[in-house]
Structure formats: C-alpha cells, structure tokens
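Residues per chain are reported as follows:
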Amino acid sequence: MSTIKVAVHGLGNIGKAVIDCLLCARDFDCLGVVRRASSLGTQSLFLQGVPDYASIDALIAERGRPDVAVICGPSRNVPVDARHYMEKNISTVDSFDIHSEIPQVVADLDTVAKAAGRACITAAGWDPGTDSVLRALFEAMTPAGTTFTNFGRGRSMGHSVAARAVSGVENACSITIPIGGGKHSRLVYVLPAAGASFADIKQRIAADPYFSNDPLDVREVGSQEELDAVADNSHGVLMERIGASGSASNQRLSFDMRIDNPALTAQVLVSCARAVTRLNPGCHTLIDVPPVALLPGDRMKNIARLV
C-alpha cells in the first residue's frame, strides 16, 4: 500500500497529538517535524522516534519531499507558514481558528495554492472544522431556523496561545465557559513573568481581538503548579438548532460531545491530510470536502459500508 508522506510543522500540544495520530494510521509516513533550531533534540518522548529538523529544506534533503505539511503553529502564523510550504510544492492542512478572518485567509491561500498547483485545507480542526460541517448539514435539514453553538466548559488552545503571546506573560490558560445562546465568557489564568505588572497584562489581554468581544475574567496564579492544576485538555460543544423543514416547524436537532481538545484537533488534521491529496488545487475548508475523502480505503467500499 502506498503511503502519504507528511511533515509536521511545530511540536506544541497539537503537533504532539498529530504525531500520535499519524503513527496510528497505516496510510501515512511521518517524515519528520520542523521546529525551532534551539529546540532540536529535546522532547524525545513526544517525538516518538520521529526525527526533527530546523527547516523543511533540511527535512527534504534527508527524507525527501513530503506530500503534505500539517501546520501546528499559532493561527496568526498560518497564512505565512502555509504559503511557505506550498511555494515548495507541498500541500498543507491547518487548524486556523480566527473565525472572522477565515474568508480572507481562504481567498489569499486560494491564490497561492492555485499558483503552486497544490491543494490546502484551512480551518480544519473541530471548530472551525467538523462543527462547521454539522452547522451546514443542520441548515440543509432545516433551512429556516436558528443554530446555537455552545462551547465548553473547557480549555481553548487558540485563546491560551493568544494569552501566552501577550507581553509580560510567562504562561497562561484560557477556559471557555458557555453562557447560552451561543455566547461565552473567558476565564484566563495568568502566570506573570518576573517583574511584569499584572494590571498591565489584564489590559493587554482585554484589548486582544481574541478576547475583546466576550465577558472576560483574568486571574493571577503564583506558580506553574497552580496553573497546571487548571490547565487540563478537556473541552466540548453542544450544538442545537430549532427550525423548519418545508412548512413543518419545531424540528429539533442537537449534537453534543466531550473531548480531549488537542487529540480531536489532531485527528481531524490527519484525516484532512488524507483528503487534501484527493482535491483539486486551491484552498478548501471542511464544508468543501466530500466526507468520503477524509476516510482511508476505497471509496466504493466506504459507500457500501456507510451509506
């Protein structure tokens, strides 16, 4: 059986989980991880025997060119990182999660992908991502109606990364708390860097676009141990829609899951790494991708098994 050759970009929470998912799948060959040169040779437990490199060029020189790069860095770096890989003739998948910027990212990456003759899938986690597919299906089933997507309670990786990037922050964890009707509050635990002003940190976090549109509570912790006590990977979603099918009202649809956040995000990314090899050049989101393209194996066998 031929395998899909993959490079992993980044070894944070998602990157570690992506390696795990790739090693569990028979149709992938994980060629290596691209990470900061200063980090090479560290975290061998999480690498699970996969070699690490300071650049994609170094990986290609030793292992050959991957078919797909799974981008596991911060969302704000995704447009630049995806362009970098596609210009090297490598398709990409990512879990970009800044919802308001997704249409522009899709448009920009579509131009890059078509010029390079590659395909990419962006915003491919569980939300945005698989939840987006469910929202689309719910609307197809009940065209007139209202959908509420309620996240949590749980740790948001994107918001935690954004909080850690704020000046003066040593480490941070952002918890999403549902308040109903698709609205949420953010509870952010912050470990300030030595000498940093917690009051200044609170102001900077409140001004960040990740946090500025939701009720926000920022709390200081005094040690990494205190932060670890609240920073587990649990998360979840409850999606509900009430609408009409034709003239028949009161159609009630719901989807509920409780998950390990990095593990599920990684699994979606790996399934998309399979699908992106089956797509035409251009930038896609998960609502553009045929579900059967996400699955291993023969299309007709999957149709016979699932339809």
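Preceding this paragraph is the structure being described.
What counts and how
- Residues numbered from 1 in each chain as written.
- Predicted model: local features only at pLDDT ≥ 70, side-chain atom pairs only at ≥ 80, totals over all residues.
- Heavy atoms only, no water.
- Core = buried A, V, L, I, M, F, W, Y, C linked by side-chain atoms within 4.5 Å.
- Buried < 20%, exposed > 50% of the residue type's maximum accessible area, 1.4 Å probe, protein only.
- Helix = DSSP H or I, 4+ residues; strand = E, 2+ residues; numbered from the N terminus.
- Contact = heavy atoms within 4.5 Å.
- Pairing = 2+ DSSP bridges.
- Right-handed = clockwise from strand over helix to strand, strands pointing away.
- Arc of directions from axis to C-beta.
- Axes fitted to C-alpha atoms, helices over the stretch in contact; angles between N-to-C directions.
- Salt bridge = Lys/Arg side-chain N within 4 Å of Asp/Glu carboxyl O.

Chemist: Even after reading the chapter, I still don't get the nonpolar core, so can you show me in this structure?
Modeler: In summary, soluble globular proteins display a tendency toward joint burial of nonpolar side chains. In this structure, Ile56, Val190 and Ile205 are the most contacted members of the largest nonpolar core, which totals 38 residues. Looking at this core, the element that brings in the most residues is helix H5 (residues 102–116), giving 6 residues. Excluding residues within four positions of it along the chain, valine 190 makes contact with Val169, Asn171, Ala172, Phe198, Ile201, Ile205, Val218, Arg219, Glu220 and Val221. The next biggest cluster of nonpolar side chains, apart from the first, holds 37 residues, and it includes Ala17, Cys72, Ala266 and Val268.

Chemist: Would you mind going over the pairing of strand S11 (residues 216–220) with me for this structure?
Modeler: Each regular strand displays side chains that alternate between the two surfaces of the sheet. Examined bridge by bridge, strand S10 (residues 183–192) and S11 share 5 bridges and lie parallel to one another. Bridge assignment links leucine 187 to a residue of S11, and that residue is aspartate 217. Crossover S10 to S11 through helix H8 (residues 198–207) is right-handed.

Chemist: Would you explain the environment of tyrosine 210 in this entry?
Modeler: Relative to the assigned elements, tyrosine 210 resides in the loop between H8 and S11. Take tyrosine 210: its relative accessible area is 12%, and that puts it in the buried class. Residues tyrosine 210 and alanine 163 lie 47 residues apart in sequence; the distance between their C-alpha atoms is 8.7 Å. What tyrosine 210 contacts, discounting residues up to four positions off in sequence, is Ser75, Arg76, Asp97, Ile98, Gly158, His159 and Ala162.

Chemist: It is not clear to me how helix H3 (residues 56–63) should be interpreted in this structure. Could you clarify?
Modeler: Count 3.6 residues to each turn of an α-helix, and residues three or four apart come out pointing the same way. Where H3 is concerned, the buried positions are Ile56, Leu59 and Ile60. Considered in projection along H3, the buried side chains sweep an arc of 100° and stay on one side of the axis. Away from its buried face, by an angle of more than 90 degrees, H3 presents the exposed residues Ala61 and Glu62. Where H3 is buried, its residues meet strand S1 (4–9), strand S2 (28–34), strand S3 (52–53) and helix H4 (78–86).

Chemist: Please clarify how the sheet that holds strand S12 (residues 234–245) should be interpreted in this entry.
Modeler: Two strands in a sheet stick together by hydrogen bonds in their backbones, pointing the same way (parallel) or opposite ways (antiparallel). Reading across the sheet, the 3 strands line up as S7-S12-S13 and stay open at both edges, with antiparallel pairing between neighbours. For this open sheet the edge positions go to strand S7 (144–151) and strand S13 (248–260), each flanked by a neighbour on one side alone. Across the sheet, the mean angle from the axis of one strand to that of its neighbour is 10°, orientation sign disregarded. Examined bridge by bridge, S7 and S12 share 8 bridges and lie antiparallel to one another. When the bridges of S12 are listed, threonine 146 appears paired with isoleucine 242.

Chemist: How do you make sense of the sheet that holds S10 when you look at a structure like this?
Modeler: Pairing within the open sheet is mixed, and its 4 strands lie in the order S8-S9-S10-S11. A strand with exactly one partner marks an edge of an open sheet, and here the two such strands are strand S8 (154–155) and S11. As defined by bridge partners, S8 adjoins strand S9 (residues 169–180) across 2 bridges and the pair is classed as antiparallel. When the sheet's bridge partners are listed, glycine 154 is paired in S9 with threonine 176.

Chemist: Can you help me understand the pattern of salt bridges in this one?
Modeler: In a structure, side chains of opposite charge can pair up when their charged atoms sit close to one another. Tallied over the full model, the rule gives 10 salt bridges. Close ionic contact of arginine 83 with glutamate 87 constitutes a salt bridge, the shortest N to O distance being 3.6 Å. The exposure class assigned to arginine 83 is partly exposed, which follows from its relative accessible area of 40%. Taking relative accessible area as the criterion, glutamate 87 reaches 55% and is therefore assigned exposed.

Chemist: Is there a simple way to explain unusual backbone geometry in this structure?
Modeler: Peptide bonds are, in most cases, trans, and in most cases residues other than glycine have a negative phi. Across the junction of aspartate 127 and proline 128, the peptide omega takes the value 0°, indicating a cis bond. Structurally, the position occupied by proline 128 is in the loop between strand S6 (119–121) and helix H6 (130–141). For the peptide bond that leads from glycine 152 to arginine 153, omega is 0°, which places it in the cis range. Of note, alanine 123 is a non-glycine position whose phi angle comes to about 55°, a positive value. Backbone geometry places asparagine 250, a non-glycine residue, at a positive phi of 65°. Secondary-structure assignment places asparagine 250 in strand S13.

Bear in mind that shape data such as this cannot, by itself, settle questions of function.
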